[in-house]
Amino acid sequence: MASVWRYLLAGLGLAALLVGILAVVYLTAPWSSQPAGPDVSRTKKTANGLFVASFLPERGVVRQGQLQSWLLTLKTKAGVPVEGAAIAISGGMPLHSHGLPTSPQATDYLGDGRYRIEGVKFTMSGWWQLHFAISATAGSDTVVFNVVL
């Protein structure tokens, strides 16, 4: 009977050792294999580095299903506000292969490089992209902002 207990204790010890090894492997495994989500930075350099752009909801909250205004702030890489820019806006949901349900427009220049973008509407939750084509005295460039609802 004593030998049965020894085998049982030895089996439990091996099982505990195996669980410990699996825990260490799981906790130290690299997480880079996990898919990364889209970059949701609200400030970034434009594609060619001509400008630094910031994109924020005017009321501070992203709302689904409502028309809203956002503010696009443009500065040169030296930090000087960009005035008189022509801005074209497009976008959509890359994972659903459809565009925006509205046609957002730059409607007002508010000073200090800030432009009001009106007509932004996100009709469903998910990953949205807004593409900005910017033409100004410094040249033409583009920037893409990701919004995840």
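How should the overall build of the chain be read in this particular structure?
On a plain count of helices and strands, the chain comes out with 1 helix and 9 strands. Here the chain holds 149 residues, and the buried ones make up 26% of them. Sequence separation of at least 24 residues holds for 59% of the intrachain contacts in the chain that already meet a minimum separation of 6. Summed over its atoms, the accessible surface of the chain is roughly 9,200 Å², and 61% of this surface lies on carbon and sulfur atoms.

Explain the nonpolar core to me, please; I cannot follow it from the model alone.
Generally speaking, a soluble globular protein has its nonpolar side chains buried in company with each other. Ranked by internal contacts, the top residues of the largest apolar core, which has 24 residues, are Leu72, Leu74 and Phe132. Among the elements of the structure, β2 (51–57), β3 (68–76), β4 (86–93), β7 (114–120), β8 (127–136) and β9 (139–148) are those that each provide at least two residues to this core. With 5 residues, the single largest contributor to this core is β8. Once you skip the residues sitting within four places of it in the chain, Leu72 turns out to touch Ala53, Ser54, Phe55, Ile87, Gly113, Arg114, Tyr115, Ile117, Phe132 and Phe145.

Just checking my understanding: could you explain the packing of aromatic side chains for this structure?
Each aromatic ring pair is characterised by the separation of its centres together with the angle its planes make. The tally for this structure, following the rule as stated, stands at 7 aromatic pairs. Considering the side-chain rings of Phe55 and Trp70, the 4.4 Å spacing of their centres and the 20° angle between planes classify their relative orientation as stacked. Placement of the pair is Phe55 in strand β2 and Trp70 in strand β3, with a sequence separation of 15 residues. For Trp70, a relative accessible area of 0% gives the class buried. For the ring pair Tyr109 and Tyr115, a centre distance of 4.8 Å and an interplane angle of 55° mean the geometry is tilted. Ring pairs connect the aromatic residues Phe55, Trp70, Phe122, Trp128, Phe132 and Phe145, which therefore count as one cluster.

Explain the pattern of salt bridges to me, please; I cannot follow it from the model alone.
A side chain with one charge can pair with a side chain of the opposite charge if their charged atoms come near. Considering all chains together, one arrives at 3 salt bridges under this definition. Among the salt bridges present, the one from Asp39 reaches Lys44, with a minimum N-O distance of 3.6 Å. For Glu58, the salt bridge identified is with Arg116, shortest N-O distance 2.7 Å. Of the two residues, Glu58 is situated in the loop between β2 and β3 and Arg116 in strand β7; the sequence distance between them amounts to 58 residues. According to the relative accessible area criterion, Glu58 is partly exposed, its value standing at 32%. What you see here is one network of salt bridges that share partners, running through Glu58, Asp108 and Arg116.

What's the story with the confidence of the model for the chain in this structure? I'm lost.
Detailed reading of predicted coordinates is not advised where the pLDDT is low. Looking at the chain, the pLDDT average stands at 87 and 77% of residues meet or exceed 70. Within the chain, the element-level pLDDT minimum falls on helix α1 (residues 2–28), averaging 63, and the maximum on β7, averaging 98.

What should I look at first to understand the pairing of β4 in this one?
A regular strand places its side chains so that they alternate between the two faces of the sheet. The sheet contact formed by β4 and β8 spans 7 bridges and is antiparallel. Among the inter-strand pairings, Ala86 is bridged to a residue of β8, identified as Ser135. Two elements, β4 and strand β5 (residues 98–99), share 2 bridges in a ladder whose sense is antiparallel. Within the sheet, the bridge partner assigned to Met93 lies in β5 and is His98. From the end of β4 to the start of β5, which pair antiparallel, there are 4 residues, and Ser97 there has a positive phi angle of about 55°.

Thresholds applied
- Residues numbered from 1 in each chain as written.
- Predicted model: local features only at pLDDT ≥ 70, side-chain atom pairs only at ≥ 80, totals over all residues.
- Heavy atoms only, no water.
- Helix = DSSP H or I, 4+ residues; strand = E, 2+ residues; numbered from the N terminus.
- Buried < 20%, exposed > 50% of the residue type's maximum accessible area, 1.4 Å probe, protein only.
- Contact = heavy atoms within 4.5 Å.
- Areas by Shrake-Rupley, 256 points an atom, 1.4 Å probe, with all protein chains shown as cover.
- Core = buried A, V, L, I, M, F, W, Y, C linked by side-chain atoms within 4.5 Å.
- Phe/Tyr/Trp six-rings, centres within 6.5 Å; stacked < 30°, edge-to-face > 60°.
- Salt bridge = Lys/Arg side-chain N within 4 Å of Asp/Glu carboxyl O.
- pLDDT = per-residue confidence, 0-100.
- Pairing = 2+ DSSP bridges.

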